[in-house]
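Chain residues, written in single-letter form:
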Amino acid sequence: MRVSKYILPTLKENPSDAVVLSHRLMMRAGLIRKESAGMYAYLPIGLRVLRKITGIVKEEMDRAGAHECLMPEMTNADYWKESGRWETMGPEMIRITDRNGLEYSLGPTHEESFTNLVRSVISSYRDLPLNLYQINTKFRDEIRPRFGVIRSKEFIMKDAYSFDIDQAGLDASYNAMSMAYRRIFDRCGIATIPVQADSGNMGGSASEEFMVASEIGEETLLLCDKCEYRANSEKAEYTRGEVKSESAVEELKEVLTPDVKTIEDLVKFFKCDEDKFLKSVIYVADGKPLMVVVPGSREVNEHKLKNFIGALELDLANDEVVEKVTGAPFGFAGPVGIKDARIVFDISVKNMVNAITGANKKDYHLSGVNPVRDFNIKEEADITSARAGDICPKCGSPMYEKKGIEVGHIFKLGYKYTKAMNLTVLDEKGASITPIMGCYGIGVNRTMAAAVEQNNDERGIIWPKSIAPFQVHLIGIAKTDEETAAVEPAEKLLDTIKEYL
RNA sequence: CGGGGCGUGGCUCAGUCCGGUAGAGCGCGUGGUUUGGGACCAUGAGAUCGGAGGUUCGAAUCCUCUCGCCCCGACCA
């Protein structure tokens, strides 16, 4: 391949719409061009890199016993309706209707497709375990595409789905993927941090994310160097502090607090620590009001909360609902005296002594509030987010935070799709059993961007050898006619090199 | 969807406030000179100023609508 015959449109200046480093470098090096927001074209040199990465992915997936397929990108709505996700996926899924009025989705993920495929081709436990994968384009109507190829509406993903006879089989399939993923990212020359993750609305139990540490990462990780506890903030647990053996329990007292609504206001007004307050937040969970009570300095972790209450939809309540639940305008909510709403407390609340909280009455707060005496804790759970400095749940050392880009994610899915779509096989006794699933994704083009993000200097991209677009660049430096004659040996050298590559 | 910003040759931008019919640098073509670490000189091509409507003798510039793009937020396998 000659550079002179190649198309390699480099740019000297940063394109005005590229902000992050990988996006800029990928544009300037002529790897990609934008077609429109969240959609990118890969030029020959960019495609070469992409192919190098997919090559590694394939080798490792095959080595782990998975088999490659290729599924339609336009998927029949019927399957989504079977699994129930036609309703639950929401506007993120791009839906289209053909001329006959049939509905389709541009596949944002392929659990349904693979489950449907597998149920049509296997019928015996002897066909299991089975792990099928594809490398294909995915479509998601992202609210806001960002960072070039890192968060785009159309992207390339390797997605694999395992089917096993039982939990032990799933564990084995999952572990095989966990190992394969480590090898894949390692071979791509990028350092990843595997973390425990929330499995979100994919359903399922265990889940591990492969993160590339980066300032522009959209996820926050909590890490402990002492014991290697690693989790993303949606999932991260932390140990609550010791009970403070504070002085005497105070009387419950109403305090006039005009216009003091936020924790910030309260800190100024009462001149004490944020954690002296009980923060009460009103949500609407699947249509029903819900009060959530956490220490003043803490944020409600909506992922944890959603999992705990088993809700599909969770939104902050509007002023009207707040008023209905608490009998007071926004800013004066508290757990004392609430009768008609479900209340979930963070597990740290029970240890609080003489707290201050909203009185459920306009312009009043209560001080000297104590659990049990002043309100019952019927339901409590870990529903707040861990943050830097919090105590590691495993070893008790303080944790720290890092931002990360998610490049891979593996889940134990469970029976959600096999049950909903009625995938069964016969076991050795001839009885019908439902296989259990796992699912395993790698953002291929995101991995490419992450590699660039992680390997560069002021002069540009420094490709890890395994995914570099080219291995050798032969430069002829002939000037004079006689020297030009030497081009021939260069050609020969090129042929020789080709043989060894 | 809320807030902010931007659309002018291939790229980066000036001109817009104070209407008079388009400019620079880079890149690109051609000719020449040069040449051992991203050359220089000359010359040239290339823009109905995102689109539509309006005001005006006259609109890149003013007004209305519209499309696209970027940033922050909400949100997000």
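Data block above holds the structure.
Residues numbered from 1 in each chain as written. Chains lettered and ligands numbered in written order. Predicted model: local features only at pLDDT ≥ 70, side-chain atom pairs only at ≥ 80, totals over all residues. Heavy atoms only, no water.

(A) Structural view of the packing of helix α1 (residues 21–28) against helix α11 (residues 444–454). Orientation of α1 relative to α11, taken along the N-to-C sense of each, is 100 degrees, at an axis distance of 8 Å. It follows that α1 is roughly perpendicular to α11 by the angle criterion. Side by side, α1 and α11 meet where L21, S22, L25 and M26 of the first sit next to M448, A449, V452 and E453 of the second. (Axes fitted to C-alpha atoms, helices over the stretch in contact; angles between N-to-C directions. Helix = DSSP H or I, 4+ residues; strand = E, 2+ residues; numbered from the N terminus. Parallel < 35°, antiparallel > 145°, perpendicular 65-115°, else oblique. Contact = heavy atoms within 4.5 Å.)

(B) Region of the structure containing the protein's contact with RNA strand B. Inspection of the region around RNA strand B gives 25 residues, with R140, I143, R144, R151 and F155 positioned closest. Near the protein, meaning within 4 Å, the atoms of RNA strand B are sugar or phosphate in a fraction of 59%, with bases accounting for the rest. In this structure, S16 approaches RNA strand B through a main-chain N or O atom, which is 2.8 Å from a phosphate oxygen. (Near = heavy atom within 4 Å. Polar contact = N/O pair within 3.5 Å; in protein donor to acceptor, adjacent residues only side chain to side chain.)

(C) Expanded view of the pattern of salt bridges. With the rule as written, the count across this model stands at 26 salt bridges. In this structure, R85 engages E111 in a salt bridge whose closest nitrogen and oxygen atoms are separated by 3.2 Å. Of the two residues, R85 is situated in helix α4 (residues 85–88) and E111 in helix α5 (residues 111–121); the sequence distance between them amounts to 26 residues. When sorted by exposure, R85 lands in the same class as E111, which is buried. Across the salt bridge formed by R85 and E112, the nearest N and O atoms sit 2.9 Å from each other. Placement of the pair is R85 in helix α4 and E112 in helix α5, with a sequence separation of 27 residues. Of the two residues examined, R85 and E112, each falls in the buried class. Each member of the salt-bridge network shares a partner with another, and the members are E59, E60, R63, R183 and R187. (Salt bridge = Lys/Arg side-chain N within 4 Å of Asp/Glu carboxyl O. Buried < 20%, exposed > 50% of the residue type's maximum accessible area, 1.4 Å probe, protein only.)

(D) Highlighting the packing of aromatic side chains. Scanning the model with the defined rule gives eight aromatic pairs in all. Between the aromatic rings of Y181 and F210, the centroid separation amounts to 5.3 Å while the plane-to-plane angle is 50 degrees, which identifies the pairing as tilted. Taken together, the residues span a long stretch of sequence, with Y181 in helix α6 (residues 167–187) and F210 in strand β10 (residues 207–213) at a distance of 29 residues. On the basis of relative accessible area, F210 is assigned to the buried category, the value being 0%. Summarising the aromatic geometry, the rings of F345 and F375 are spaced 5.1 Å apart at their centres and angled 10 degrees between planes, so their arrangement reads as stacked. Placement of the pair is F345 in strand β17 (residues 342–346) and F375 in the loop between β19 (364–369) and β20 (379–381), with a sequence separation of 30 residues. The same class applies to F345 as to F375, namely buried. Taken together, the aromatic side chains of Y181, F185 and F210 make up a single cluster linked through ring pairs. For R146, the ring lying beneath its charged end belongs to F147, and the centroid distance is 5.8 Å. In this structure, K361 is placed above the aromatic ring of Y364, and the distance from its NZ or CZ to the ring centre is 4.5 Å. (Phe/Tyr/Trp six-rings, centres within 6.5 Å; stacked < 30°, edge-to-face > 60°. Lys NZ or Arg CZ within 6 Å of the ring centre and 35° of its normal.)

(E) Region of the structure containing the pairing of strand β21 (residues 400–414). In terms of burial, β21 is largely enclosed, as eleven of its 15 residues are buried. In this sheet, β21 lies alongside β10 in antiparallel orientation, the contact comprising seven bridges. Its bridge partner lying in β21, E208 is registered against I410. With five bridges joining them, strand β11 (residues 219–223) and β21 adopt antiparallel strand pairing. Bridging from a neighbouring strand, E219 pairs with G404 of β21. Here β21 runs beside strand β24 (residues 436–443); their pairing, made up of six bridges, is antiparallel. Along β24, the bridge assignment pairs K412 with G438. (Pairing = 2+ DSSP bridges.)

None of this, on its own, says anything about what the molecule does.
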